[in-house]
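Secondary and tertiary structure notes
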Amino acid sequence: MLSKIVKPGDQLELTKLNVSAISSEKFSKNIKKKTYFSKIYDIIGKDKLKIAMPMDGTQVIVPTINTRYELSIRTKGGIYHCKGIMIERYKENQLYIMILEIYTGLQKFQRRQHYRLACNLRITYRVLSTVEADLLTDPDALEAFQEAVSEQGYLKGVTLDISGGGMRFTSEQPIEQNASILCKFSISVEGEENSFSVISHLVQSKEMPHRRKQYEHRVRFGHISNRDRETLIRFIFEEERRYRKNKKG
């Protein structure tokens, strides 16, 4: 039931398919998609959302009846995906409103769906021994380890992109295949600084072409709490929205 997960004020991303709701799925997959941002005003019954009409810069987008959307809704419990059809539109108290009927269940954002955000974050990392990697899966042991080990034991890197499931970063040192790494970085979400210490597993490490003594590493987050993952996804969502807004001017 929508109202148990989605609340008024939640933000959402609308990905529009330029086809009507009666068009075939096979055909719609070949249509170029465009994405807008909006927010939820109310939940109506079991399967309808009352939302603000999306904007393109300063212009209100007025979709036709039966326009189909893929929705990505940011809630306090995480990001959820679903599909909906625009069934009604009107103006209420100087606000442009549209009603979406949700015709699929809500699906929580899964690891395979993680969107990668291109960004340059300064990180520090430490390659762990097998014993350290096994011990530090315990949060208390990880905290004690960080207090005992000086920052001099860490190397420096810069991210190329990041997602809720992992990151790519560069550094001046190669990393052995299948290594476990403790990655530390900070991000700002809604004006609040959030620090991360994540045990990660190296997926690939290679020397960068035309850049002597520079290496690119791809890692998968192995031990990250649901709370930290959702915070990271929220950061990615906000940065992507900020980028789109700035791009539109």
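As a starting point, this report considers the structure included with it. Everything numeric here is computed off the predicted structure, so don't read it as measured data.

Rules behind the numbers
Residues numbered from 1 in each chain as written. Predicted model: local features only at pLDDT ≥ 70, side-chain atom pairs only at ≥ 80, totals over all residues. Heavy atoms only, no water. Salt bridge = Lys/Arg side-chain N within 4 Å of Asp/Glu carboxyl O. Buried < 20%, exposed > 50% of the residue type's maximum accessible area, 1.4 Å probe, protein only. Pairing = 2+ DSSP bridges. Helix = DSSP H or I, 4+ residues; strand = E, 2+ residues; numbered from the N terminus. Patch = residues over 30% accessible without salt bridge, like charges linked within 9 Å, V, L, I, M, F, W, Y side chains within 5 Å. Areas by Shrake-Rupley, 256 points an atom, 1.4 Å probe, with all protein chains shown as cover. Lys, Arg positive; Asp, Glu negative; His and termini not counted. Charge placed at Lys NZ, Arg CZ, Asp CG, Glu CD. Phe/Tyr/Trp six-rings, centres within 6.5 Å; stacked < 30°, edge-to-face > 60°.

A word on the pattern of salt bridges. Where charged atoms from two side chains of opposite charge come close, those side chains can pair. As enumerated under the stated definition, the model contains nine salt bridges in all. In this structure, D161 and R168 form a salt bridge, with 2.8 Å as the shortest nitrogen-oxygen distance. Taking relative accessible area as the criterion, D161 reaches 8% and is therefore assigned buried. Taking the relative accessible area as the measure of exposure, R168 reaches 24% and is therefore partly exposed.

Below, the discussion takes up the pairing of strand β7 (residues 78–92). Across eight bridges, the pairing between strand β6 (residues 67–75) and β7 is antiparallel. Bridged to E70 within β7 is K83. Connecting β6 to the next strand, β7, in antiparallel fashion are two residues. Strand direction decides the pairing type here: β7 and strand β9 (residues 107–108), joined by two bridges, are antiparallel. Bridge assignment links H81 to a residue of β9, and that residue is Q107. What sits between the antiparallel neighbours β7 and strand β8 (residues 95–102) is a turn of two residues, in which N93 has the positive phi angle 50 degrees.

Taken together, the side chains of D138, D140, E143 and E147 present a region of like negative charge at the surface. You can see E143 is positioned in helix α4 (residues 139–148). When its relative accessible area of 47% is taken as the criterion, E143 is described as partly exposed.

A word on the packing of aromatic side chains. Evaluated as defined, the whole model comprises four aromatic pairs. A centroid spacing of 5.1 Å and a plane angle of 55 degrees characterise the contact between Y125 and F169, whose relative ring orientation is tilted. Note that Y125 is positioned in strand β11 (residues 122–128) and F169 in strand β13 (residues 166–171), a separation of 44 residues in sequence. By the burial criterion, Y125 is buried, and F169 matches it. Relative to F221, the ring of F185 lies with its centre 6.4 Å away and its plane at 20 degrees, an arrangement referred to as stacked.

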